[in-house]
Every structure is written in C-alpha cells, then in structure tokens.
Amino acid sequence: MAKGGGKANNEDWACCEQCSFCFTIFVGILFFLAGGAMTVYSALFLFSDIYVNISGLELLDTDAIQYAIFIIGLAIAGTALLGMVSACCAKCAANPDGKCDCCEQCCTAVLSIIYIIILVVLLIATLAIAGVLSYFAVILFDTTSNPCPYPEGSDLTFTAGETNAPDPVTCPIDYAMWNSFYFVNVSNTAAGVAWTVAQDSTVTCGYYCDAYDGNYCSPSLGAAYAPQLTGTFCTTNVTSDVPQNDATIYQGTINGTAQAFRTGEPSTMPYRPTFLVILRDVVIIPFLAVWWCIFVFALLLIIAACVMCIRKKKMTKESTYKPK
C-alpha cells in the first residue's frame, strides 16, 4: 500500500510539475512579448525620428514617461525570460539522466530563488499600482460626490496661489495639472511642448478656466490663466484645413450657443473634458485590467515556481536513495 501510494503521489507531483512548466512557459511568452512591445514603443519615441502617440494624450509624450515605459518593458521581458529558463532547468532537474544533474539542480535552485524574489517584488508593485488606478477610476466615474477641481460653492479659482490648489486626494489629476501650470511652470520644458501639442491636436484651448462651469477658456479672461493658454488656437482662428479631432469632447453652452468645432474663430473649448474621458476610457480602465491580470499571473507564477522547486527536491531525494 505504501509503495502504491508513493507511486501515485509521485505521479500527482509529476502532473503538477508538468502543468506548472507549461503555465510558466505560456505566461512567460506573453509577458516577454508585452515587455518587448513596451520597450520597442518607447525606444521608437526616445531613440528614433518615428513619432508614435495616442491621440488626445500627447501629455504622455515626455522623455520621463517614455523612459519609465522603456525600463518597465525591459524588466518585464527580462523577468519572463528568466522564468522560462528557470522552468526549463527545473524540467531537466526533475528527470535526472546522470548527465549534468548537479548543474541542473543548482541552476534550478539559484534561478528559482531569484525569479521568486522578483515576482514577489512585482506582486507588491502591481498591487500598489492597481490600487492607485482603482482609486483614480472611482474618482473619474464619480463626478457627483467628488466635484472637481473644487467643491460646489467654492470661491477658489484655477489660477496661481497655493490656496487655489485643488485637493490632491479627491482631485489628484486636477492637482497635478494645476501644479504643472502654476508651481512647476512647465511652459519652457518638454512637458510644456507636449501640452501645446495636446491642445493643438484636439483643437482646444487651456485646461480649466472657471468660466461657464469650466467649459470655456480664452485669453480674454485675463493674464491669470495665461500659463495654461499656450495652444495655437487660443489666439489663432481655426482654419478650414484644420481637421476636427474625433476624440475632442465639446460640452457646455456659452451665451446660448453650444460649444462645438468651428472654423474662422479661435477655440474656446478647454482640454479638461477631453482629457478626463480619454484618460478614463483609453488609459485607466485598460491599464487597470492589465495590472490586475499581472497581479494574478504573478501570484500564479510564484505558486508554479514553488511547485517546480518542490518537485526538483523530491526527485533529488528519490534519485539519491539506494536500497540496502
């Protein structure tokens, strides 16, 4: 009975090891391709003349953000490659043939430990990022209980002055934009250029100017709003050869006239409504799904790596057993 039970248990472990190996290789390939795609995308932006962007999100086209994407992509691809090599070593170690068995076992032990440590760090990081994205998603969808950039009835304005800063907890996106305009002053930086491009590509002007429920921006409102009114069409008429951007959100009514794309006059539609919708639908929700999937996959990969390590240990013990 003991021998039969031991054999069945060994077969069960062999099945688990095989499933863990296949899962690690499959997910490793997916992660390697995803990390490679991120690296190539950011590399094209950073190191070539090819312009790759997401319409309406030109604010992301800065060296700092693209370098972050480049590093994260390399880390994901490298971790995936390490996991696949570790799985292959564990597969060989689980089937000792008298050739390089010691090397296979050492390779499995060292690579598995490194791989599991990296996955644990990835697990913690993805949990934190997914949590932050979840918080942003709740804020973007809930516009009634958390009115931004200021509560109803507030006499604050989206202009310079520390007292005018939006709440960084309830309105983090508006706070970041206000901070870039009136505290950091990005007008002469790469981020400032990206901000101008974002306005021009969406044919908008400014971010938020307090007028008409935040649906109107114009230099006529005064110099206090000048740092954010850097778009070409804030002062230049929209000509007939300028295409309308399908991503642009036009909302609000100005003196009885609905905001809309018009030629022959400057644009007065702020960028904020467009930015929030694109951020929610194109960035936050897809990224939220991706990061929660990465979290689940990282957890499963840790379990798979542990199973392969245990399987290797069991096979080591069995292969060194010698009957009397």
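Cut-offs and rules
Residues numbered from 1 in each chain as written. Predicted model: local features only at pLDDT ≥ 70, side-chain atom pairs only at ≥ 80, totals over all residues. Heavy atoms only, no water. Helix = DSSP H or I, 4+ residues; strand = E, 2+ residues; numbered from the N terminus. Buried < 20%, exposed > 50% of the residue type's maximum accessible area, 1.4 Å probe, protein only. Contact = heavy atoms within 4.5 Å. Areas by Shrake-Rupley, 256 points an atom, 1.4 Å probe, with all protein chains shown as cover. pLDDT = per-residue confidence, 0-100. Core = buried A, V, L, I, M, F, W, Y, C linked by side-chain atoms within 4.5 Å. 1 Å grid on protein atoms, 1.4 Å probe; cavity = no way out; pocket = protein on both sides within 12 Å on 5 of 7 lines; lining within 4 Å. Points joined across faces, edges and corners; volume = space filled by probe spheres on them. Nonpolar A, V, L, I, M, F, W, Y, C, P; charged D, E, K, R; others polar. Salt bridge = Lys/Arg side-chain N within 4 Å of Asp/Glu carboxyl O. Phe/Tyr/Trp six-rings, centres within 6.5 Å; stacked < 30°, edge-to-face > 60°.

Draft legend 1. Structural context of the overall build of the protein chain. When helices and strands are counted, the protein chain shows six helices and two strands. In sequence order, the protein chain lays out its α and β elements as α-α-α-α-α-β-β-α. The buried share of the protein chain, reckoned over its 324 residues, is 39%. Taking contacts inside the protein chain between residues at least 6 apart in sequence as the whole, the part at least 24 apart equals 71%. When the accessible surface of the protein chain is split by element, carbon and sulfur atoms take 68% of a total near 17100 Å².

Draft legend 2. Fine view of the environment of Ile 114. Note that Ile 114 resides in helix 3 (residues 101–141). The partly exposed category is assigned to Ile 114, whose relative accessible area is 37%. Along the primary structure Ile 114 and Thr 79 are separated by 35 residues, whereas in three dimensions their C-alpha atoms are 9.6 Å apart.

Draft legend 3. Focus on the confidence of the model for the protein chain. The pLDDT averaged across the protein chain works out to 80; a share of 79% of its residues lies at or above 70. Mean pLDDT across the secondary structure elements of the protein chain bottoms out at helix 1 (residues 2–47), with 74, and peaks at strand 2 (residues 257–258), with 92. Predicted confidence for residues 315–324 stays below pLDDT 50, and this span has seven contacts to residues more than four positions away or in other chains.

Draft legend 4. Examining the nonpolar core more closely. Grouped together as the largest cluster of nonpolar side chains are 46 residues, with contacts concentrated most on Phe 158 and Tyr 207. Those elements that place two or more of their residues in this core are helix 1, helix 2 (63–93), helix 3, helix 4 (172–184), helix 5 (190–202) and helix 6 (272–319). With 13 residues, helix 6 is the largest single contributor of residues to this core. Counting residues in hydrophobic clusters, the runner-up holds six residues, among them Val 203, Phe 233, Val 238 and Val 242.

Draft legend 5. Structural detail: unusual backbone geometry. For the bond running from Cys 148 to Pro 149, omega is 5°, close enough to zero to count as cis. The phi dihedral of Asp 210 is positive, around 70°, even though this residue is not glycine. Looking at the element boundaries, Asp 210 is found in the loop between helix 5 and strand 1 (253–254). One non-glycine residue, Asn 255, adopts positive backbone phi at about 50°. Assignment of secondary structure puts Asn 255 in the loop between strand 1 and strand 2.

Draft legend 6. Summary view of empty space enclosed by the protein. Scanning all chains against the criterion turns up one cavity of 30 Å³ or more. What the largest cavity holds in volume is close to 40 Å³. Lining the largest cavity are Thr 24, Val 27, Gly 28, Phe 31, Thr 79, Ala 80, Gly 83, Met 84, Tyr 115, Leu 119 and Leu 301. Those elements that place two or more of their residues in the lining of the largest cavity are helix 1, helix 2 and helix 3. Split into classes, the residues belonging to the lining of the largest cavity amount to seven nonpolar, four polar and no charged.

Draft legend 7. Molecular detail of the pattern of salt bridges. By the definition in use, this model includes two salt bridges. One salt bridge in this structure joins Arg 272 and Asp 174, with 2.9 Å as the shortest N-O distance. One end of the pair, Arg 272, is in helix 6; the other, Asp 174, is in helix 4, and 98 residues separate them in sequence. Judged by its relative accessible area of 13%, Arg 272 is buried.

Draft legend 8. A look at the packing of aromatic side chains. One pass over the full model with this rule turns up 17 aromatic pairs. Summarising the aromatic geometry, the rings of Phe 181 and Trp 195 are spaced 5.2 Å apart at their centres and angled 55° between planes, so their arrangement reads as tilted. With Phe 181 in helix 4 and Trp 195 in helix 5, this residue pair connects regions lying 14 residues apart in the sequence. One aromatic cluster is present, formed by Phe 158, Tyr 175, Trp 178, Phe 181, Tyr 182, Trp 195, Tyr 207, Tyr 208, Tyr 271 and Phe 275 through successive ring pairs.

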